[in-house]
Amino acid sequence: ASGLGKGVAQRLANLGCTLVLWDVDEAGNARVAQELNQETKSKRIHAMKCDLTSRESIYECAKKVQDTIGNVTMVINNAGVVSGKPLVECSDASIQRTFDVNVLAHFWILKAFLPSMLDNNHGHVVTIASAAGLTGTARLVDYCSSKFAAVGLHEALTHELYALKKTGVKTTVVCPSFINTGMFEGVKTDVLFPLIKSDDICDKIVEAVRKDRHMLLVPKILRAVLFLRSITSTTAQVEMQSLSGVDDSMSTFVGRAQKLT
């Protein structure tokens, strides 16, 4: 109903895709679907309310999609939540929600839609992860952990598809730094990791999917971060991250929910 989900949906709709948009925000989601149908002069965009913290809700919505629209050939796991607090200040419920939305929902969605992709050896699984799934950051322990899990899911699934000889089912993982969607409102950024424009990353995501790219890192300096992690000690990594200001980036975090209150 907003952010990257809305931006990517808009681009795919204009490419002629049939879309099913899931969001817990029923009114906002329906509004986006209506806007896209009007924009494309079609009835190809559908909206369904789905609570990604509930496995039962996911399976129920998946069955409804399959019964009314048909087999899904592309899954984009995009939803995400962030608390932005030191670990000991995160409530149990907040940590559970972070993992339910950021990674466990991916499993239930894939279990629902992957079988038909495997049967037809045709499909694409897109995981919107994060740079926080590549390196740890202060005040993001729960978020980083969930995104590391999402990246791990993508990597392992890619290997499993190859082992099953299902080369027609593609995988793409997207790892951006902070984006100006409001989710990371108030975060500190710098010249190395500037705030990414939502339109720019949406364009890059769709391009990466169309080119069957395995991994999209934005900004490109993340490639250097991955390389340095492979050749430096933990002590050096901690020092570099502290000196670069990354570990202080969440100290002014406001976030979408806090901003609204």
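Procedures and definitions
Within any chain, residue numbers begin from 1 and follow the written order of that chain's sequence. Only residues with pLDDT of 70 or above have their local features reported here, since the model is predicted, and side-chain atom pairs are shown and tallied only from 80 upward, although totals for entire chains, interfaces and linings are computed over all residues. Based on all heavy atoms of the structure, the side-chain values leave hydrogens and waters out of the count. Helix numbering and strand numbering both begin at the N terminus, where a helix is a DSSP run of H or I of at least 4 residues and a strand a DSSP run of E of at least 2. Helices are assigned an expected span. That span is 1.5 Å times one less than the residue count. Only protein chains enter the accessibility calculation, which uses a 1.4 Å probe; a residue is then buried when its area is under 20% of its type maximum, exposed when over 50%, and partly exposed in between. Every residue pair with non-hydrogen atoms within 4.5 Å of one another is taken to be in contact. What makes a salt bridge here is a side-chain nitrogen of Lys or Arg within 4 Å of a carboxyl oxygen of Asp or Glu, nothing more. Working definition: rings of Phe, Tyr and Trp (its six-membered ring) pair if their centres are within 6.5 Å, and the pair is stacked with planes under 30 degrees apart, edge-to-face with planes over 60 apart, and tilted otherwise. Note on geometry: a ring has a charge over it if NZ (lysine) or CZ (arginine) is within 6 Å of the ring centre and within 35 degrees of the ring normal. Per the annotation, domain bounds derive from an automatic or database assignment of domains. Accessible area that two parts lose when put together, with a 1.4 Å probe and added across both, is what the buried area reports. Polar contacts here mean pairs of N or O atoms no more than 3.5 Å apart (in protein, one a potential hydrogen donor and the other a potential acceptor; neighbouring residues in sequence count only if both atoms are side-chain atoms).

Colleague: Got a minute to help me understand helix α1 (residues 3-14) in this structure?
Modeller: Owing to its 3.6 residues per turn, the α-helix aligns residues three or four sequence positions apart on the same side. Taking 1.5 Å of rise per residue, the 12 residues of α1 would be expected to cover 16 Å, and the 17 Å separating its terminal C-alpha atoms lies within 8% of that figure. If you check which residues of α1 are buried, you get Leu4, Gly7, Val8, Ala9, Arg11, Leu12 and Ala13. Looking at the buried residues of α1, the elements they touch are β1 (19-23), α2 (26-40), β2 (45-49), β3 (74-77), β4 (123-128) and α6 (198-210). Glycine 16 sits one or two residues past α1 and shows a positive phi near 95°.

Colleague: Sorry if this is basic, but what is going on with the pattern of salt bridges here?
Modeller: If charged atoms from side chains of opposite charge come close, those side chains can pair. Per the counting criterion, the structure on display carries five salt bridges. With a closest N to O distance of 2.6 Å, aspartate 203 and arginine 11 form a salt bridge. Taken together, the residues aspartate 203 in helix α6 and arginine 11 in helix α1 connect sequence positions 192 residues apart. Residue classification places aspartate 203 among the partly exposed residues on the basis of a relative accessible area of 42%. For arginine 11, a relative accessible area of 18% translates into the label buried. A salt bridge links glutamate 207 to lysine 211, with the shortest nitrogen-to-oxygen separation between them at 3.0 Å. With relative accessibility at 55%, the residue lysine 211 sits in the exposed group.

Colleague: Looking at this structure, I do not really get the packing of aromatic side chains. What am I missing?
Modeller: The geometry of an aromatic ring pair comes down to the distance between the two centres and the angle between the two planes. Summed over the entire model, instances satisfying the criterion amount to four aromatic pairs. Where tryptophan 22 meets phenylalanine 113, the ring centres are 5.9 Å apart and the plane angle is 50°; that geometry is what we call tilted. Of the two residues, tryptophan 22 sits in strand β1 while phenylalanine 113 sits in helix α4 (residues 92-120), which places them 91 residues apart along the sequence. Site record: aromatic cluster; members linked through ring pairs are Tyr143, Phe178, Phe184 and Phe253. Taking the ring centre of tryptophan 108 as reference, the NZ or CZ of arginine 55 above it sits at 5.1 Å.

Colleague: What's the story with α2 in this structure? I'm lost.
Modeller: Between its first and last C-alpha, α2 extends 21 Å over 15 residues, near the 21 Å set by a 1.5 Å rise per residue. Considered for burial, the residues of α2 that qualify are Gly28, Asn29, Val32, Ala33, Leu36, Asn37 and Thr40. Buried residues in α2 make contact with α1, β1 and β2. Lysine 41 lies just past α2 and shows a positive phi near 50°.

Colleague: Would you take a moment to explain the domain arrangement of the protein for this structure?
Modeller: The accessible area lost on association of the parts is a frequent measure of interface size. For the protein, the domain assignment lists domain 1 (1-49) and domain 2 (63-248). Taking only C-alpha atoms into account, the centre of domain 1 sits 21 Å from that of domain 2. In this assembly, 13 residues from domain 1 lie in contact with 19 residues from domain 2. Taking both partners together, domain 1 and domain 2 bury about 1,300 Å²; carbon and sulfur atoms supply 83% of that area. For domain 1, the biggest contributors to the area lost against domain 2 are Leu4, Arg11 and Met48; these three give 46% of the whole. Taken together, domain 1 and domain 2 are joined by two salt bridges. For aspartate 199, the salt bridge goes to arginine 11, with nearest N and O atoms at 3.4 Å. At the surface where domain 1 touches domain 2, the tally comes to two residue pairs in polar contact (both at pLDDT 80 or more).

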